Amino acid sequence: MGVDGLVLNLSIKKGVNKYGDKARESVLSEVEQIVVEDPPKLKPVKIEDQSSEDMSRAIRSFLFLKAKETPSGEFDKLKSRLVANGKQQDETLYTNKSSPTAKLENIFVCIALAAKLGWKFSVLDVTGAYLEAGWEGPKQLVWLEKDIVEILVGAHPKYQDFVQKDGRMLTQAMKALYGCLESSRLWYDLLISVLSKMGFSRCDLDLCIMTGYRDGRKIIVVIYVDDLLVLTQMTKDAKWVLGGLQHQFKQVKAKIDQKHFDYLGMQVEIGGSGASLFMNGYEDAMIDMMPGLKDYKYPACEDVFEIDENSEPLSRKEIQVFHTIVAKLMYYAVRLKPEVQVVISFLATRVCAPTNNDLSKLVHAMGYVKRTRGRPRNLCIEGNVDGVDMTSGLTVFGYIDAAFGSHHDGKSHTGVVIRVGNCTVMSRSVKQKIVTRDSTESEIVACSDCVTSVMSLNEFVKELGFATSVPIVYQDNQSAILMMTKGNGKDRTRHLRVRKYWMKEGKPFNSVKAN
């Protein structure tokens, strides 16, 4: 079966050809926001006023258009984005250029707990977020390309004096432009500073989740770049957070006290004591890229880890689409369908030189997506779990398993599911990095790799201010349980010995239970 369709950002020329005046208006709006509005984010400058050193560091810029859709698949708007070519920047000049984002499992914990407690959900979005942060570091010159300049000067002739003979325009970055190496950090630092002044403090285990109080009521703010999820006990507390941000930033879009809202590519529906997550539009877009799909009951076939050396390689176009769909499924699986992670973890290793055999496995996975299209992921914490009484506090459960020698190179495969109460908030399916001699060793490797995630989630729940009991890890290999709890058995290598005794002496969990 072949593959078809590929969604890409559009250049100005292609955007105008497809959308006409809507594209021109979108481009002009973006350029005006950056160049025309006072104070300008990119300030036009004359070449003769610049030093040779500054000119040597000048970088290009690009402008792309994209038709944005809601997670339900409906057309939302045509959006333009002007970005700098940060690859041309000298990385040695920027020592601190990284910024964190909230961990998805922690976001799920916050949503599940807030829904259980009947809190209010509000979504805030700072428009042009990066451009709110002032530029720091060496002077940065940026070229605006000819097609951008033509639209700008057509609407604002006063900039004609800055146009070069080749039609380009030289500008100086005054704000954190999208695409520059340190822009994300500059925005993050600014936002954290604003929220800190409002009385919020960062969680040690997730620097993008902040907690605070207003009149004794707890408020949780989840930061994902420029999207903020605000969880409050009362609606007026969310409005107070919005007011604080509007005082600092030019434009903040807000949806206060929502039962249905879009967040990080997902549709979130709050009901009862839980939340349901949907990605219907995303699913439809992937399904449309592979027409003629059959329904499959399971996401993976029995030979999912086997490699057929005689299978024909895919064409260049098929490889491009294969890579795209695998990447989309990776994004999709961690959010909505954890069971797809097994096959995707394998196909991700095949994207450089996929074959028809690999394509058949991708088709199988997509057939499962088609069959289960519209089925939500539920985040709901309630009742007792596995006979554990949670009335005195939440319990974090880790279910860790390994498939011994399942890969063609003899390596094993690890799978882990972590639940807060009965709510699955994290799952992972990965190939182990070392070859193990037997199933017991593979289970020890799996546990030592994954138990830290169980511990971290338990500590995160406590940091949010909720009582927890000591976490429980489930394991189904009796020999591995004995070695990890009592230190029995001989060790083949020093590295395996360290893993075993770390599990035994570190006592990171209450007990390892056979399941």
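Along each chain, residues carry numbers from 1 onward, in the same order as the chain's sequence is written. In keeping with the predicted nature of the model, local features appear solely for residues at pLDDT of at least 70, side-chain atom pairs appear and are counted solely at 80 or more, and the whole-chain, interface and lining totals rest on all residues. In computing side-chain properties, one takes all heavy atoms of the structure into account and sets aside hydrogens as well as water.

### Re the side chain of Ser276
Item 1. Numbering of helices and strands starts at the N terminus; helices are DSSP runs of H or I of at least 4 residues and strands are runs of E of at least 2. Its location among the elements puts Ser276 in strand β14 (residues 274–278).
Item 2. Think of it in three bands: residues with accessible area under 20% of the maximum for their type are buried, residues over 50% are exposed, and the middle band is partly exposed, with areas taken using a 1.4 Å probe on protein chains only. Using a relative accessible area of 18% as the deciding quantity, one classes Ser276 as buried.
Item 3. A distance of 2.8 Å separates the side chain of Ser276 from the side chain of Asn378, its partner in a polar contact.
Item 4. With sequence-adjacent residues up to four places away left out, Ser276 is seen in contact with Gln267, Val268, Glu269, Pro376, Arg377 and Asn378. Pairing of N or O atoms within 3.5 Å defines a polar contact, subject to two protein rules: one partner must be a possible hydrogen donor and the other a possible acceptor, and residues neighboring in sequence count only if both atoms are side-chain atoms. Whether two residues are in contact is decided by their heavy atoms: any pair within 4.5 Å suffices.

### What to know about a negative patch on the surface
Item 1. On the surface, Glu302, Asp303, Glu306, Asp308 and Glu309 cluster together into a patch of negative charge.
Item 2. Counting through the fold element by element, Glu309 comes out in the loop between α8 (280–288) and α9 (316–335). Only residues whose relative accessible area exceeds 30% and that form no salt bridge are eligible for patches; like-charged ones are grouped when within 9 Å, while nonpolar side chains (Val, Leu, Ile, Met, Phe, Trp, Tyr) are grouped when within 5 Å. What sets the accessible areas is the Shrake-Rupley method with a 1.4 Å probe; for residues, cover comes only from the shown protein chains. Any carboxyl oxygen of Asp or Glu that lies within 4 Å of a side-chain nitrogen of Lys or Arg is treated as forming a salt bridge with it. Under the counting rule used here, the positive set is Lys and Arg, the negative set is Asp and Glu, and His together with the chain ends is not counted. Charge coordinates come from a single atom per side chain, which is NZ of Lys, CZ of Arg, CG of Asp or CD of Glu.

### Points about the sheet that holds β14
Item 1. With antiparallel pairing, the four strands of this open sheet are ordered in space as β12-β13-β14-β15. Looking along the sheet, the strands with just one partner apiece sit at the ends: β12 (260–263) and β15 (377–380). Taking each pair of neighbouring strands and ignoring which way they run, the sheet shows an average axis angle of 25 degrees.
Item 2. Relative to β14, strand β13 (residues 266–271) runs antiparallel, the two being bridged by five bridges. The partner of Val268 across the bridge, within β14, is Leu277. Being paired, for any two strands, means DSSP has found at least two bridges between them. Simply put, an axis is a line fit to the C-alpha atoms, just over the touching stretch for a helix, and the angle between two N-to-C directions goes from 0 to 180 degrees.

### Quick look at the sheet that holds strand β8 (residues 206–214)
Item 1. Pairing is antiparallel in the open sheet, where six strands are placed in the order β7-β8-β9-β10-β4-β11. In this open sheet, the two edge strands, each paired with only one partner strand, are β7 (201–203) and β11 (252–255). Strand-to-strand, the axes of this sheet are offset by a mean angle of 25 degrees, without reference to chain direction.
Item 2. In this structure, β8 lies alongside strand β9 (residues 217–224), joined through six bridges in antiparallel fashion. The residue bridging Thr211 from the neighbouring strand is Ile220, located in β9.
Item 3. Across the sheet, helix α4 (residues 104–117) touches β4 (120–126), β8, β9 and β10 (227–232), and the angle it forms with β9 is around 150 degrees.
Item 4. Seen against the sheet, helix α6 (residues 183–197) touches β4, β7, β8, β9 and β10 and runs at an angle of roughly 20 degrees to β8.

### A look at the packing of aromatic side chains
Item 1. Ring pairs are drawn from Phe, Tyr and Trp, using the six-membered ring of Trp, whenever the two centres fall within 6.5 Å, and their geometry is named by plane angle: stacked under 30 degrees, edge-to-face over 60, tilted for the rest. Within this structure, the stated rule accounts for 12 aromatic pairs.
Item 2. Ring centres of Tyr282 and Tyr331 lie 5.4 Å apart, and the angle between their planes is 35 degrees; this geometry places the pair in the tilted category. Taken as a pair, Tyr282 in helix α8 and Tyr331 in helix α9 lie far apart in primary sequence, 49 residues in all.
Item 3. Looking at Tyr331, the relative accessible area reads 30%, which means it is partly exposed.
Item 4. Taken together, a centroid distance of 6.1 Å and an interplanar angle of 65 degrees make the contact between Phe305 and Phe346 edge-to-face. A residue pair is termed long-range when its members are at least 10 positions apart, and Phe305 in the loop between α8 and α9 and Phe346 in helix α10 (residues 341–347) qualify at 41 residues. Take Phe305 and Phe346: they sit in the same class, and that class is buried.
Item 5. In this structure an aromatic cluster arises from ring pairing among Tyr282, Tyr331 and Tyr332.

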